[in-house]
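Remarks on the overall topology
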Amino acid sequence: NDELSQAFGYSPTEVTIDIGNAFAVRPQIKAEYFITEKFTVRTSLNYVFTNPRVTVATPNGVVSDRWNASNVSLAIGVGFYPFRK
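Now for a quick tour of the structure. (Residues numbered from 1 in each chain as written. Predicted model: local features only at pLDDT ≥ 70, side-chain atom pairs only at ≥ 80, totals over all residues. Heavy atoms only, no water.)

1. So, the packing of aromatic side chains
If you walk through the whole model with that rule in mind, you get two aromatic pairs. Each ring, one from phenylalanine 34 and one from tyrosine 81, has its centre 5.7 Å from the other, and the planes form 25°; the classification is stacked. With phenylalanine 34 in strand β3 (residues 28-34) and tyrosine 81 in the segment after β7 (71-80), this pair connects stretches of sequence that are 47 residues apart. By relative accessible area, which is 33% here, phenylalanine 34 ends up partly exposed. Tyrosine 81 gets classed as partly exposed once you look at its relative accessible area, which sits at 26%. Residues phenylalanine 39 and phenylalanine 80 carry aromatic rings whose centres are separated by 4.9 Å and whose planes lie at 35° to one another, so their mutual orientation is tilted. (Phe/Tyr/Trp six-rings, centres within 6.5 Å; stacked < 30°, edge-to-face > 60°. Helix = DSSP H or I, 4+ residues; strand = E, 2+ residues; numbered from the N terminus. Buried < 20%, exposed > 50% of the residue type's maximum accessible area, 1.4 Å probe, protein only.)

2. Overview of the sheet that holds strand β1 (residues 16-19)
Taken together, the three strands give an open sheet; going across it, the order is β1-β5-β6, and neighbouring strands pair in antiparallel fashion. The open sheet has two edge strands, β1 and β6 (61-66), and neither has a second partner. For this sheet, the mean angle separating the axes of adjacent strands, direction not counted, is 10°. (Pairing = 2+ DSSP bridges. Axes fitted to C-alpha atoms, helices over the stretch in contact; angles between N-to-C directions.)

Printed below as a string of structure tokens:
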């Protein structure tokens, strides 16, 4: 909010931003491979789908639209099971 005056050329009290609630879906695929009995390699692929409605109001007018905030992420890591026999 401190940078609204620079972005729109108005004081922060003249610009309002409203972000509505949105439904989100997050399907995920995970895989794990045991290298030894105690060490693993892990990977996961995630997709987040969400489209919130964003409304920006300035003295020049109001703009309301759905923003695509969807994203994909890939994670790779290692696992260690110290107490596994």
